[in-house]
Amino acid sequence: MNSSLAISLCAALCAAACGGTGLGADARADVTARMASAQSPIVACYHAGLKANRKLTGTMVVAFAAAPDTGQFTDIRITRDDLGDTGVRQCVIDAVGKLKLARPQATRLSISYPIHFAPNP
Amino acid sequence: MRHLLFAALVAAGPGCSLITVQQEPFPPLEIRSERPPPAPARVVLTASSITIGEKVQFATGSAEILPVSHGLLDEVAKVLTDNPQIELLQVEGHTDSTGTAALNRRLSQQRAESVMKYLASKGVTAGRMVAKGFGPDRAIADNATDDGREKNRRVEFNIVKQGPKKTVVRDE
C-alpha cells in the first residue's frame, strides 16, 4: 500500500468517526425545504417585531444541528443578528426548534442558515 | 503503514473537534412582511389644547407621576418646545367625585403642579404654564359608574394664550 492510499484511508476513517460534518446534496435539499416550511411562523415573528420597530431589517444567521436518526433540529443559536430584537430572536429559535429533517441522516449535521428580513416596499 | 492507521484512529477520537469541513453557504431564507400601520399619535396639538391619547398615571392618592407616564409627558414637552406660539398653557387636574371635594381639589392641584414641574424639567419654560386643580367640578362623565369615574380622573392641557405661529430657528 503506498502512502497516498494510506492517507486517503486515514481521511476516510477520520471523517466517518467524526460523523461527517459536510452535507450531501440530499441533506442540503432537506434542510432547505425544512427552513422554507418555517417561513410562515418566521414571518409572524418578524411582523411582531415590526410592530415595535418599523425600521427592523437585516440578516440573522441561525446555527443548529440536525440530530442523527431523528433529524430533529437542536442546539439552536443565533450567530449573527442585525435586527437586535430579542423577541424576534427567541421567536426564530422557537420556530426552528420545531423542525426536523424529513429524511434523517445517520450522522449529526451542523448547519448555519442565513435569514434575510426586510419589510415589503 | 501501521503507524498511519494508528494515527488515523487516534485522530478519529478526541481529534474530531480539530477537523472542520467548510460548509457551502445556504441561500438565505427571504422573509418579507408588511409594515404595520404607524401607531396613532399619543399627543396631538389642536387649536385650543394639547390632547393626550393616554392618561397620566399617578401613584394612588399622591401627586407622584408614575414612570410609565414619563414618555407621554416627554412628548407633550416636545410639542411645547416645537410650538413657541403657545404662550400660556393651563395644566389641569381633574378627579372623580369620590371623597371630599376639598381633598380632591387639593390633590388635583398638586397633580397639575407635578406635571408642570415635570414639563419644566424637560425644557419647557415654567412661565409658559400654569397649574390648576379643579377637583370634581368639571366632570365629563357620570360619576355613578366605574367607567365614568375613570374618565373623570384626568389631566388636560388647555391653551390659554397663543400668538401667531413662529418659526423655530435652531443653530447648526
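What comes next concerns the included structure. These numbers were taken from a predicted model, which means no experiment stands behind them.

## Section: the overall build of chain A
Alright, step 1. Looking only at helices and strands, chain A features four helices and three strands.
Alright, step 2. When its helices and strands are written in sequence order, chain A yields α-α-α-β-β-α-β.
Alright, step 3. Counting across all 121 residues of chain A, residues that qualify as buried make up 27%.
Alright, step 4. Here the analysis covers contacts within chain A between residues at least 6 apart in sequence; of these, 74% occur between residues at least 24 apart.

## Examining the nonpolar core
All names here are of chain A.
Alright, step 1. By size, the foremost hydrophobic cluster in this structure holds 27 residues, and its most contacted members are Ile-42, Tyr-46, Val-62, Val-92, Val-96, Ile-115 and Phe-117.
Alright, step 2. Elements with a contribution of two residues or more to this core: α2 (25-37), α3 (39-52), β1 (58-66), α4 (86-97) and β3 (109-119).
Alright, step 3. For this core, the element with the most residues is β3, which contributes five residues.
Alright, step 4. Excluding residues that lie within four positions of it along the chain, Val-92 makes contacts with Ile-42, Cys-45, Met-60, Val-62 and Ile-115.

## Describing the packing of α3(A) against α4(A)
Residues and elements named next belong to chain A.
Alright, step 1. At a minimum axis distance of 9 Å, the contact between α3 and α4 shows a crossing angle of 170 degrees. If you check the angle between α3 and α4, you find them roughly antiparallel. For the pair α3 and α4, the contacting residues are Pro-41, Ile-42, Cys-45, Tyr-46, Ala-48 and Gly-49 in the first and Gly-87, Val-88, Cys-91, Val-92 and Ala-95 in the second.
Alright, step 2. Residues of the contact of α3 with α4, tallied by class, amount to nine nonpolar, two polar and no charged.

## A word on the pairing of strand β5 (residues 129-135) of chain B
Residue and element names in this part refer to chain B.
Alright, step 1. Residues Met-129, Ala-131, Gly-133 and Gly-135 of β5 are buried on one face, while the alternating residues Val-130, Lys-132 and Phe-134, pointing to the opposite face, are not.
Alright, step 2. Pairing of strand β4 (residues 86-94) with β5 involves six bridges; the strand directions are parallel. Bridging across to β5, Gly-93 finds its partner in Gly-133.
Alright, step 3. This β-α-β element, β4 to helix α3 (residues 101-121) to β5, shows right-handed connectivity.

## Thoughts on the sheet that holds strand β2 (residues 73-81) of chain A
Alright, step 1. What the four strands build is an open sheet, ordered β2(A)-β1(A)-β3(A)-β1(B); its pairing is mixed. Edge positions in the sheet fall to β2 of chain A together with β1 (29-33) of chain B, since each has one partner strand and no second. The sheet shows a mean angle of 25 degrees between the axes of neighbouring strands, direction not considered.
Alright, step 2. Note: β3(A) against β1(B), five bridges, orientation parallel. Counted as the bridge partner of Phe117(A) is Ile31(B) from β1(B).
Alright, step 3. Along the sheet, α4(A) makes contact with β1, β2 and β3 of chain A, crossing β2(A) at roughly 150 degrees.

About the cut-offs
Residues numbered from 1 in each chain as written. Chains lettered and ligands numbered in written order. Predicted model: local features only at pLDDT ≥ 70, side-chain atom pairs only at ≥ 80, totals over all residues. Helix = DSSP H or I, 4+ residues; strand = E, 2+ residues; numbered from the N terminus. Buried ≥ 20, exposed ≤ 12 C-beta atoms within 10 Å, placed from the backbone. Contact = placed C-beta atoms within 7 Å. Core = buried A, V, L, I, M, F, W, Y, C linked by C-beta atoms within 7 Å. Axes fitted to C-alpha atoms, helices over the stretch in contact; angles between N-to-C directions. Parallel < 35°, antiparallel > 145°, perpendicular 65-115°, else oblique. Nonpolar A, V, L, I, M, F, W, Y, C, P; charged D, E, K, R; others polar. Pairing = 2+ DSSP bridges. Right-handed = clockwise from strand over helix to strand, strands pointing away.

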